[in-house]
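# Structure at a glance
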Amino acid sequence: MRDTQSMERDHIEILMIEDSPPDAELATQAFRKNRLANKIQIVQDGREALDYLFCSGAHSGRTPAHMPVLILLDLKLPGMDGIEVLREIRLDPRTKNLPVIVMTSSKGEQDVVRTSKLGINGYILKPVDYNQFVDTVNRLTVSWLILDAPLAEEVFSEK
């Protein structure tokens, strides 16, 4: 029989909004190395991210009952940038409480202020060193996916 913690991890889904395949692969490897997520959905632009979350466009067949427990959001995206995506996430009652962590190379103070005003749950600069990135992902997921698991369940059970 499996323990409760491993059963909870079976249902963990992370939505990663990242247009750089090398950065997405690095993050995916870091999550898998730490065994902190079973499913990581990667989308490469802001419009596709919103289609995924709102079950529209190419993702119209997806069920809205299976929302991610965490969104990792890059700010520098083609078409619709990360701040626009974050604004749309926070405006919609179905997604406004989803934890969103900005993971970006942007060190701009204006980006930190703008995303904070929109209600991000964290802002992490992408490190370039793999081991540092793995450590960052580990700290991030321990904080949001394990310690806040009951909160996440409560948020997503609201309809």
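Here we summarise the structure given alongside this text.

Rules used throughout
- Residues numbered from 1 in each chain as written.
- Predicted model: local features only at pLDDT ≥ 70, side-chain atom pairs only at ≥ 80, totals over all residues.
- Heavy atoms only, no water.
- Buried < 20%, exposed > 50% of the residue type's maximum accessible area, 1.4 Å probe, protein only.
- Helix = DSSP H or I, 4+ residues; strand = E, 2+ residues; numbered from the N terminus.
- Arc of directions from axis to C-beta.
- Polar contact = N/O pair within 3.5 Å; in protein donor to acceptor, adjacent residues only side chain to side chain.
- Salt bridge = Lys/Arg side-chain N within 4 Å of Asp/Glu carboxyl O.
- Contact = heavy atoms within 4.5 Å.
- Phe/Tyr/Trp six-rings, centres within 6.5 Å; stacked < 30°, edge-to-face > 60°.
- Lys NZ or Arg CZ within 6 Å of the ring centre and 35° of its normal.
- Pairing = 2+ DSSP bridges.
- Right-handed = clockwise from strand over helix to strand, strands pointing away.

## Observations concerning helix 4 (residues 82-91)
Residue pairs spaced three or four apart in an α-helix point in one direction, given the helix's 3.6 residues per turn. Every buried residue of helix 4 is listed here: Gly 82, Ile 83, Val 85, Leu 86, Ile 89 and Arg 90. Viewed along the axis of helix 4, the buried residues span an arc of 155 degrees, placing them on a single side of the element. Capping of helix 4 at its N-terminal end is provided by Asp 81; its side-chain oxygen lies 3.1 Å from the backbone amide nitrogen of Ile 83.

## With respect to the pattern of salt bridges
Oppositely charged side chains are able to pair whenever their charged atoms sit close together. Under the definition given, this model contains two salt bridges. Measuring nitrogen to oxygen at the nearest pair gives 3.7 Å for the salt bridge that ties Arg 47 to Asp 51. Taken as a pair, Arg 47 and Asp 51 lie in helix 3 (residues 46-53) at a separation of four residues, close to a single helical turn. Residue Asp 51 is classed as buried on the basis of its relative accessible area, which comes to 16%. Residue Asp 92 pairs with Arg 94 through a salt bridge whose shortest N-O separation is 2.8 Å. Residue Asp 92 is classed as buried on the basis of its relative accessible area of 15%.

## Some points on the environment of His 59
Structurally, the position occupied by His 59 is in the loop between helix 3 and strand 3 (70-73). Separated by 10 residues in the primary sequence, His 59 and Ala 49 have C-alpha atoms spaced 9.5 Å apart. Residues in contact with His 59, not counting those within four places in the same chain, are Gln 41, Val 43, Glu 48, Asp 51 and Tyr 52.

## Observations regarding the packing of aromatic side chains
Applying the stated criterion across every chain yields a total of zero aromatic pairs. Lying across the ring of Tyr 52, Arg 62 places its NZ or CZ 4.1 Å from the centre.

## Section: the pairing of strand 4 (residues 100-104)
The buried fraction of strand 4 is high, at five of five residues. Of the two faces of strand 4, the one lined by Val 100, Val 102 and Thr 104 and the one lined by Ile 101 and Met 103 are each fully buried. Examined bridge by bridge, strand 3 and strand 4 share three bridges and lie parallel to one another. Pairing of Leu 72 across the sheet is with Ile 101, part of strand 4. Handedness of the strand 3-helix 4-strand 4 crossover: right-handed. Pairing of strand 4 with strand 5 (residues 122-125) involves four bridges; the strand directions are parallel. In the strand pairing of strand 5, Val 102 is matched with Tyr 123.

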